[in-house]
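Letter by letter, the chains look like this.
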Amino acid sequence: MAGVVYARRTLPQVSGTIRVPGLHSQVTVARDRWGVSHIYAADEHDLYVAQGYVTAQDRLWQMLLRWQAARGRLSDWLGARAAPADDVLSRQNFPAQAAAAVPSLD
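Notes on the structure follow.

Definitions and cut-offs
Residues numbered from 1 in each chain as written. Predicted model: local features only at pLDDT ≥ 70, side-chain atom pairs only at ≥ 80, totals over all residues. Heavy atoms only, no water. Salt bridge = Lys/Arg side-chain N within 4 Å of Asp/Glu carboxyl O. Helix = DSSP H or I, 4+ residues; strand = E, 2+ residues; numbered from the N terminus. Buried < 20%, exposed > 50% of the residue type's maximum accessible area, 1.4 Å probe, protein only. Contact = heavy atoms within 4.5 Å.

1. Considering the pattern of salt bridges
- Evaluated as defined, the whole model comprises two salt bridges.
- The salt bridge involving Arg-31 is made with Asp-58; its shortest N-O contact spans 3.1 Å. With Arg-31 in strand β1 (residues 28-31) and Asp-58 in helix α2 (residues 44-70), this pair connects stretches of sequence that are 27 residues apart.
- Accessibility expressed as a relative area gives 24% for Arg-31, which makes it partly exposed.
- For Asp-58, a relative accessible area of 25% corresponds to the partly exposed category.

2. A short note on the side chain of Gln-68
- Summarising the element assignment, Gln-68 is placed in helix α2.
- Overall, the relative accessible area of 5% leaves Gln-68 in the buried class.
- Setting aside chain neighbours within four positions, we find Gln-68 in contact with Arg-73, Leu-74, Asp-76 and Trp-77.

Interpretation note: all reported values are geometric properties and have no functional meaning in isolation.
Quick look at the structure:
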């Protein structure tokens, strides 16, 4: 039962009001019957803040899992069975590749 309660707490809030610091004015997020978010904002800043918030609500677990994979640290979360994947991924050294690529971006 405790697992069910915990799992439900990690689901995104899809109704009600959430106060998000940094917004210029009210933003409305409506989800259609498929769960797709439709964001209505007065300016681009608020639109991008809301989009980031909604994406984090929906996909934070996926972003964190991919971050662990890029670092070659999947076994920290998934256990010893992920160690072979960690060996391959850590040899790719994705963090260093990303850091080297950043100065070349406009």
